[in-house]
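# Notes for the structure review
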Amino acid sequence: MPTRSSLSAWVQSSRRMRVGAIALSITLGLPAISPTLAATKPIPTNITKHARSTSKQVTTPTQTAAPVPKQSVIAQGSDEDINVRVYETASPAVVAIDVGNGSGSGSIITSDGLVLTNSHVVERATGPVTVKLTDGRELLADVVGFDPTGRDLAAVQIRNVSNLPTIRRGLNPVRVGQRAFAIGSPFGFSNTFTIGIVSRIDPDDGTIQTDAAINPGNSGGPLLNSNAELVGVNTAIYTTGENAGNIGIGFAIPIDHVETFLTALTAGDVPVAAVRTGLPALTPLDTRLDAPPILGSLTEGDNILPSDRSFFDAYRFSGRAGQFVSLAMTSQDFDSYLILLDEDGNSVTFDDDSGGGYDALIQTTLPSSGDYLLLANTYESGQSGSYRLQLSSGTGNVATTPPSSSGSLNIQRSGSLQDSDNVLPSDGSLFDAYEFSGRAGQTVEIRLTSAEFDTYLILVDGSGAAIEQNDDASNTTTNSFLRVTLPQTGRYSVYVNSYDASGRGNYNLVIRETN
């Protein structure tokens, strides 16, 4: 089995960067929407249906980075000339990265295809990622490392390429007031160029604050100076609860931290994707899927991750290839963190806050049959207290409809309610469940139509609580419609349901983002 320290390095690399005491409400490069039919989502059990047109009542390998060449300064001219030159110089080396379950941007920093990006863009990759170049080529790339200090930096290596354009790296310190330029793929629009200034530099960690417009999808893209040199890696934006887009406050990891990461990458001193992470001295507690909830506690004397000295308990359970599982950890005492490993110690996935608030939730399809190890962990050292752990299983099919090319939510599915489907306990009606990822403040429209039964829609959050529901979109139809602004970032399920237990037949479901 692999060493315990390899686990801690991997876990440390997976932690999301938090910017000082500033309340970051959104990190960029939000996971791309990937709908999944999940029959194992928590089912509201206390639903009372009323007359038509009313709602149900629910309570509920290492790459060497090339040395930085001496660069000539772009000739000064009008502001417009500088803008054009910066874009034309740097944009050929800015790429879009598609992970399948997420997307973002990156900068090519070596001619043989080493790409710098954010760790949160690629941390959920389970294999090669797709890098799209400005010339339209889409190439496979491998995640080759994460920043060992836990900063939001990662590198991917494009396969079998040479003579690619590269981003020049800046040598001079960044100063407040100098111009700043950002290039990336916000909302899927590749090589978008925005301009601003450096608004602030954090005195503690050097984080660059800028008012250059940065939006979801810019994650991992370059922040540039007037010489088209990379001076930072865009990583996050600050928003209010009413606005999930850019409001003039963005953040970038400064070039000195980038250089430290690239030095570690060259030395091979970085954790890589799918690192083997066994703990030979560990004796996990045996449990099983669908067992009663585990009530545990983390305190002195428990297992400790050397990287951050955080406590964890380990649980072992058996699963089969293709099986859908939902693993939930909640606590009133600390910020929950979950890590899922396969029987060989390979990382499968992990989660911090997808359960809402500080609760952790992993919902995934198991890649193989055998034993799995689940680590119930705290987000950082010094945290202790009681927790509740629930391991649930189920069956389901994967919805094959991809997200739209713009990166916005756009799911269209056809299906049917039949006797083999899930049953809602409150009234015996049948339902199918479709899962999607959403972000806080995002407005979605959900429409369910059928000519064969009276439809009913229920939207449920990651904890199983019903957010909204609808019987009839109007008094003249039995089709259902919901328009909801999502209360938090995480996973949601749409229950395609019939009004009563007699409902069976074909249906069409549309879930889309709206302005």
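The structure displayed is predicted, hence computed values, not measured ones.

Reading the values: the criteria
- Chains are numbered independently. Their residues run from 1 in the order of the written sequence.
- Where local features are concerned, this predicted model is filtered to residues with pLDDT of at least 70; where side-chain atom pairs are given and counted, the filter is 80 or more; whole-chain, interface and lining totals use all residues.
- Heavy atoms throughout the structure, all of them, feed into the side-chain values; hydrogens and water do not.
- In this description a helix means any DSSP run of H or I spanning at least four residues, a strand means any run of E spanning at least two, and both kinds are numbered starting from the N terminus.
- For accessible areas, the Shrake-Rupley method is used with a probe of radius 1.4 Å. Any residue's cover is judged against the shown protein chains and nothing else.
- Multiplying 1.5 Å by the residue count of a helix minus one yields the expected span of that helix.
- Each residue is assigned to one of three classes by its accessible area relative to the maximum for its type, calculated with a 1.4 Å probe on protein chains only: buried under 20%, partly exposed between the two thresholds, exposed over 50%.
- Whether two residues are in contact is decided by their heavy atoms, any of which lying within 4.5 Å being enough.
- Salt bridge criterion: a side-chain nitrogen from Lys or Arg within 4 Å of a carboxyl oxygen from Asp or Glu.
- Pairing between strands is defined by DSSP: at least two bridges between the two strands are required.
- Whenever a helix is involved, its axis is fitted only over the stretch in contact; in every case the axis is a line through C-alpha atoms, and angles between N-to-C directions fall within 0 to 180 degrees.
- Here a polar contact means two N or O atoms within 3.5 Å. Within protein one must be a hydrogen donor candidate and the other an acceptor candidate, and residues neighboring in sequence count only if both atoms are side-chain atoms.
- Throughout, nonpolar core names a set of buried Ala, Val, Leu, Ile, Met, Phe, Trp, Tyr and Cys residues whose side chains join them through atoms within 4.5 Å.
- Between rings of Phe, Tyr and Trp, where Trp is taken as its six-membered ring, a pair exists when centres lie within 6.5 Å; planes separated by under 30 degrees are stacked, by over 60 edge-to-face, and by other angles tilted.
- Confidence of the predictor at the level of single residues is given by pLDDT, which spans 0 to 100.
- The directions considered for the arc are those from the helix axis to the C-beta atoms.

### A word on the overall build of the chain
Looking only at helices and strands, the chain features 4 helices and 34 strands. If you sum the accessible surface of the chain, you get close to 21100 Å²; carbon and sulfur atoms cover 48% of it.

### Examining the environment of V121
With respect to the secondary-structure elements, V121 resides in helix α3 (residues 119-122). Between the C-alpha atoms of V121 and G104, which are 17 residues apart in sequence, the distance is 5.7 Å.

### Comments concerning helix α4 (residues 255-267)
If you check α4, its first and last C-alpha atoms are 18 Å apart, about what 13 residues at 1.5 Å a residue would give, namely 18 Å. Taken together, the buried positions of α4 are occupied by I255, H257, V258, F261, L262, A264 and L265. The first or second residue beyond α4 is G268, which carries a positive phi of 75 degrees.

### Side note on the side chain of T455
Relative to the elements of secondary structure, T455 occurs in strand β30 (residues 455-461). Since its relative accessible area comes to 0%, T455 is described here as buried. Discounting chain neighbours no more than four positions away, the residues touching T455 are L448, T449, S450, D471, T478, N479, S480, N497 and Y499.

### Examining the pattern of salt bridges
Applying the stated criterion to the full structure yields 10 salt bridges. In this structure, D135 and R137 form a salt bridge, with 2.9 Å as the shortest nitrogen-oxygen distance. The class for R137 is partly exposed, based on a relative accessible area of 40%. Of the charged contacts in the structure, one is a salt bridge between R483 and E445, with a shortest N-O distance of 3.2 Å. Pair noted here: R483 is in strand β32 (residues 480-485) and E445 is in strand β29 (residues 443-449), with a separation of 38 residues, a long-range link.

### Concerning the sheet that holds β29
Read across the open sheet, the 4 strands follow the order β26-β34-β29-β32; overall the sheet is antiparallel. Edge positions in the sheet fall to β26 (410-417) and β32, since each of these pairs with one other strand and no more. Across the sheet, the mean angle from the axis of one strand to that of its neighbour is 15 degrees, orientation sign disregarded. In this sheet, β32 lies alongside β29 in antiparallel orientation, the contact comprising 6 bridges. By the bridge assignment for β32, R447 is matched with F481.

### Considerations on the side chain of D152
In this structure, D152 sits in the loop between β7 (138-146) and β8 (154-158). There is a polar contact of 2.6 Å between the side chain of D152 and the side chain of S119. In terms of polar contacts, D152 uses its side chain to reach the side chain of T235, at 2.6 Å.

### Section: the sheet that holds strand β3 (residues 94-98)
An order of β3-β4-β5-β8-β7-β6 is seen for the 6 strands of this closed barrel, with the pairing classed as antiparallel. For this sheet, the mean inter-axis angle between neighbouring strands, taken without regard to orientation, is 40 degrees. As paired strands, strand β6 (residues 129-132) and β7 are joined by 4 bridges and run antiparallel to one another. Bridge pairing in β7 links V129 to A141.

### Digging into the nonpolar core
Counting 46 residues, the largest nonpolar core has I97, V122, V129, V131 and I158 as the members making the most contacts within it. If you tally residues by element for this core, the top one is α4, at 6 residues. In this view, V122 contacts I97, V99, T117, V143, F146, A154 and V156; residues no more than four positions away in its chain are not counted. Grouped together as the second largest cluster of nonpolar side chains are 23 residues, I294, Y315, L327 and Y387 included.

### Looking at unusual backbone geometry
Notably, A228 is not glycine yet its phi reads approximately 60 degrees, a positive angle. On the secondary structure map, A228 appears in the loop between β13 (222-224) and β14 (229-237).

### Considering the packing of aromatic side chains
Applying the stated rule across the entire model yields 8 aromatic pairs. Consider the rings of F181 and F193, whose centres lie 5.8 Å apart with planes at 10 degrees: the pair is stacked. In this pair, F181 sits in strand β10 (residues 179-184) while F193 sits in strand β11 (residues 192-201), placing the two residues 12 residues apart along the sequence. The exposure class assigned to F181 is buried, which follows from its relative accessible area of 0%. Ring centres of F436 and Y492 lie 5.8 Å apart, and the angle between their planes is 20 degrees; on these two criteria the pair is classed as stacked. Placement of the pair is F436 in strand β28 (residues 430-438) and Y492 in strand β33 (residues 490-498), with a sequence separation of 56 residues. Side by side, F436 and Y492 carry an identical accessibility label, which is buried. Members of the aromatic cluster, connected to one another through ring pairs, are Y87, F181 and F193.

### Some points on the confidence of the model for the chain
Across the chain, the average pLDDT comes to 75, with 74% of residues at 70 or higher. Per-element averaging of pLDDT across the chain places strand β1 (residues 26-27) at the bottom with 33 and strand β5 (residues 114-117) at the top with 95. Every residue in residues 273-280 scores below 50 in pLDDT, and together they form 35 contacts with partners more than four places removed in sequence or on other chains. Contacts for the low-pLDDT stretch residues 395-407, under 50 throughout, to residues beyond four places or in other chains number 24 contacts.

### So, helix α2 (residues 79-90)
A rise of 1.5 Å per residue sets the reference length of α2, with its 12 residues, at 16 Å; its end C-alpha atoms lie 17 Å apart and thus fit the reference within 8%. Within the span of α2, buried status applies to I82, N83, V86 and A90. End-on, the buried residues of α2 take up no more than an arc of 100 degrees, which puts them together on one face. Residues of α2 that are exposed and angled more than 90 degrees away from the buried face: E80 and E88. On the buried face of α2, the contacting elements are β3, β10, β11 and β13.

### Brief notes about the environment of F146
Relative to the elements of secondary structure, F146 occurs in strand β7. Overall, the relative accessible area of 4% leaves F146 in the buried class. Separated by 28 residues in sequence, F146 and N118 have C-alpha atoms that sit 8.6 Å apart.

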